[in-house]
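Structural characterization, general
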Amino acid sequence: MKPIYKIIIISVSVLLAVFFVYFLWSKFFVPAPVAQEEQPNATINVPLPQDARIGAIASTSTEDSYTFRKLSNKPVLGFWVSKTTKAVFYISADGEVIEAKDSGDVPASKQTIAGLIRVEPSPSGERALISYGNPSSPQWALFDTIDKVWRPLPKEIISVAWASTETQLVGSVQKNGVTSLSFIDISKQPYVFKTIVSNFSMRGISFYAKSATEILISEKPSSYASSRVWQIDTKTGIVTLVISPAFGSFVRWGSNKDVLFRFSSPNKFSILDRTFSELVPLVLITLPTKCDGGADVVYCFVPKDRGVFVRTNAIPDDYFMNKLYTSDDLYKIVLQSGTDSAVVVGESGPIPSLDADNVVSVNNSIYFVNRYDGYIYVIQHQSNEPPIYDY
């Protein structure tokens, strides 16, 4: 064999051997990638302007503009507004009563309350009726914003609400094993009970005072059972069914008792007058707790996604249990003409995403809790004022 061929054969053999060794090394000896430590989702804090003016963002009227601002320094469990002074009080997550002020929130009482269930303001907003503790057998107390004093209510009270005045409550009371529907006069010591209906056996209900002699009783709303609304004449004791049974039926009076907001599953929303007749035909769909207003104008926060309630079979249950959130715009509804217009658009400019709850309208101000962060916000209506943006 010629030397040149030997050289070629040896060279090819060496190259094949080198390639084979490299192949084995890359196959078996390359270290496996090290798994990175899993990190939790980061929280992004987006600063919100304290007072950002809006109006032209969505308003269809050149005469309307609105200011928007965060009001509370802390997330809240419940709040109420004095109609006379416009002072805003809230109960924080740690059970403290606090007055929200532009100059800084101020504790209104050193006493705290645990296990808050519900807050219901008196007709003037000067007092608040508080339920707390075990939801199946709650305790009840009054908080007075004038003297900043807590007043526990008698243990005989099972469920209660404000009647038509600052000094009277209405609710179910159990004495000597007998439950009755009664008025409770809180202006006297001890409190005076006046029976309306004896042997009152209804449970899981809410009371609403329509007038001094008319009380509404609403069954607990649920998508899994139909609920009804009755009206009781407190003089005669006559009980009348005023809203027929419907699944998910959910009602709420406007603050001035001029209108009643009603939702029923899967996607029916209506505004009723004091005779329970529908005031205007609506294409807007929302929940009663997202609305407030009077006989002329109503403000409602309406989900951008008009089908959000249809896609779940558990409304309002999922909403109450925080399984469902919405992204809302604020609409102004003129009841006489039936016209509606978006006046505040969520997720627009300085406005964050809004899921409004517990909406309260006082004069030209709309107060609400944003469920995304739990803070109180206020939107104020400014007439004949051009929109200005403060960042």
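Here, the structure is the one placed above.
Described below are features of the structure shown in this document. (Residues numbered from 1 in each chain as written. Predicted model: local features only at pLDDT ≥ 70, side-chain atom pairs only at ≥ 80, totals over all residues. Heavy atoms only, no water.)

A closer look at the pairing of strand β18 (residues 239–247)
- Alignment of strand β17 (residues 226–233) against β18, held across six bridges, turns out to be antiparallel. Bridge pairing links Ser226 to Phe247 in β18.
- Between β17 and β18, which pair antiparallel one after the other, the connecting turn spans five residues, and Gly237 there sits at a positive phi close to 80 degrees. (Pairing = 2+ DSSP bridges. Helix = DSSP H or I, 4+ residues; strand = E, 2+ residues; numbered from the N terminus.)

So, the state of the cysteines
- Scanning all chains against the criterion turns up one disulfide.
- The partner cysteine of Cys291 in its disulfide is Cys300, sulfur to sulfur 2.1 Å. On the sign convention where negative means left-handed, the S-S torsion of about 120 degrees between Cys291 and Cys300 marks this disulfide as right-handed.
- On the basis of relative accessibility, which here comes to 0%, the residue Cys300 falls in the buried class. (Disulfide = S-S within 2.5 Å. Buried < 20%, exposed > 50% of the residue type's maximum accessible area, 1.4 Å probe, protein only.)

Notes on the environment of Gly115
- Tracing the sequence through the fold places Gly115 in the loop between β6 (106–112) and β7 (116–121).
- On the accessibility criterion, Gly115 (43% relative accessible area) is partly exposed.
- The spatial distance from the C-alpha of Gly115 to the C-alpha of Asn134 is 7.5 Å, given a sequence separation of 19 residues.
- With residues near it in sequence (within four places) discarded, Gly115 still touches Ser131, Tyr132 and Gly133. (Contact = heavy atoms within 4.5 Å.)

A few points about the pattern of salt bridges
- Overall, the coordinates contain 15 salt bridges when judged by the stated rule.
- Among the salt bridges present, the one from Arg69 reaches Asp102, with a minimum N-O distance of 2.5 Å. You can see Arg69 sitting in strand β2 (residues 64–70) and its partner Asp102 sitting in the loop between β5 (96–100) and β6, a full 33 residues away along the chain.
- Under the relative-accessibility criterion, Asp102 is labelled exposed at 61%.
- Between Lys304 and Asp329 there is a salt bridge, with the nearest N and O atoms lying 2.5 Å from each other. Highlighted residues: Lys304 in the loop between β23 (297–303) and α2 (317–320) and Asp329 in strand β24 (residues 328–334), separated in sequence by 25 residues.
- Judged by relative accessible area, which is 10%, Asp329 ranks as buried.
- Salt bridges linked by common partners bring Arg127, Asp144, Asp147 and Arg151 together as one network. (Salt bridge = Lys/Arg side-chain N within 4 Å of Asp/Glu carboxyl O.)

Some remarks on the nonpolar core
- Among the nonpolar cores identified, the biggest contains 24 residues, and Phe261, Phe269, Ile271, Val298, Cys300, Phe309 and Ile333 are the most heavily contacted of them.
- Those elements that provide at least two residues to this core are β20 (260–264), β21 (268–272), β23 and β24.
- Per-element accounting of this core gives the leading share, three residues, to β23.
- Counting residues in hydrophobic clusters, the runner-up holds 16 residues, among them Leu330, Ile351, Phe368 and Tyr377. (Core = buried A, V, L, I, M, F, W, Y, C linked by side-chain atoms within 4.5 Å.)

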